[in-house]
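Chain residues, written in single-letter form:
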Amino acid sequence: MLKLTPILIAIIYALVMYKFSAWNTARTLDQQSSLLDDPELDLLNLDMAGALDLPKIKVHIYEIEPINGLAAPDGRIFITRGFFNKYKDGSVSAAEMASVIAHELGHVALGHSRRRMIDFSGQNAIRVALATVLGRFLPGIGIWIANMLTTMLAARLSRSDEYEADAYASALLTKAGIGTAPQKSLFLKLDKLTGSLGAGTPAWLLSHPKTAERIAAIEAREAKWGVTKT
């Protein structure tokens, strides 16, 4: 029984963390967001909604400055205020913002948003269990190894999700008549817009794939679908 104790504790910890994280995320987003109201973006959202046979796509502005798009576990789509400001000052076009929304819709449609919350809780549980076990055999470095292994696992899962959401966005943008050009042009801007965060980090530790790899994947889809490369 004692040998199973760390595993049981990790499972209970994961369940508690999942429930708390989901509740805290929803509460934070409710308190710090409002519905997007922009005529040009609304028109593009209607085009994408039509492609999905939906009456409309609701998008919220999350009142934080970091440039990002978010898909909440409850299915809501968010653009950060910092990202929206880049659109308003002309740094990002309406079509490029639509590509962000399409990407986040992909995360929701493919179940990534809810699974990430579960994964996050599970990875924390794995970290605790590994640190406990490895700490007995490798005092001093067991915790470091546990952290490294779970970080690598999380990054790998996240990169896979990003590629899948990119593919969903490409298909939706093409069907909606917006095209994949804004998706590629935004990727080329992201490093500058975000200050090249992660530029020196090994690809296998990054939560997002490299820009060149994402663009190459889009162009491979364009070739497969017979879409004119732009």
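Rules used in this analysis
Residues numbered from 1 in each chain as written. Predicted model: local features only at pLDDT ≥ 70, side-chain atom pairs only at ≥ 80, totals over all residues. Heavy atoms only, no water. Pairing = 2+ DSSP bridges. Helix = DSSP H or I, 4+ residues; strand = E, 2+ residues; numbered from the N terminus. Axes fitted to C-alpha atoms, helices over the stretch in contact; angles between N-to-C directions. Contact = heavy atoms within 4.5 Å. Buried < 20%, exposed > 50% of the residue type's maximum accessible area, 1.4 Å probe, protein only. Core = buried A, V, L, I, M, F, W, Y, C linked by side-chain atoms within 4.5 Å.

1. What about the sheet that holds strand β4 (residues 77-80)?
Strand order in the open sheet formed by four strands is β1-β2-β4-β3, with mixed pairing between adjacent strands. Strands at the two margins of the open sheet, each flanked by one partner only, are β1 (33-35) and β3 (69-71). Each adjacent strand pair in this sheet contributes to an overall mean axis angle of 30°, direction not counted. Strand contacts of helix α4 (residues 94-109): β2 (59-62), β3 and β4, with the helix running at about 140° to β4, the strand carrying the most contacts.

2. Quick word on the pairing of β2
Of the two faces of β2, both are covered, the one formed by V59 and I61 as well as the one formed by H60 and Y62. Direction of pairing for β1 relative to β2: antiparallel, over a ladder of three bridges. Along β2, the bridge assignment pairs L35 with H60. Sheet topology places β2 next to β4; four bridges connect them, and they run parallel.

3. Structural notes on the nonpolar core
Nonpolar side chains in soluble globular proteins generally cluster together in the buried interior. One finds M48, I79, F83 and I101 to be the most contacted residues of the largest nonpolar core, which totals 31 residues. Counting residues per element, the ones that place at least two in this core are α2 (39-51), β2, β4, α3 (81-88), α4, α6 (142-175) and α7 (181-193). Examining the composition of this core, we find that seven residues originate from one element, α4, more than from any other. If we ignore the near neighbours within four places in the chain, the residues touching F83 are I67, N68, G69, V92, M97, V100, L186 and L190.

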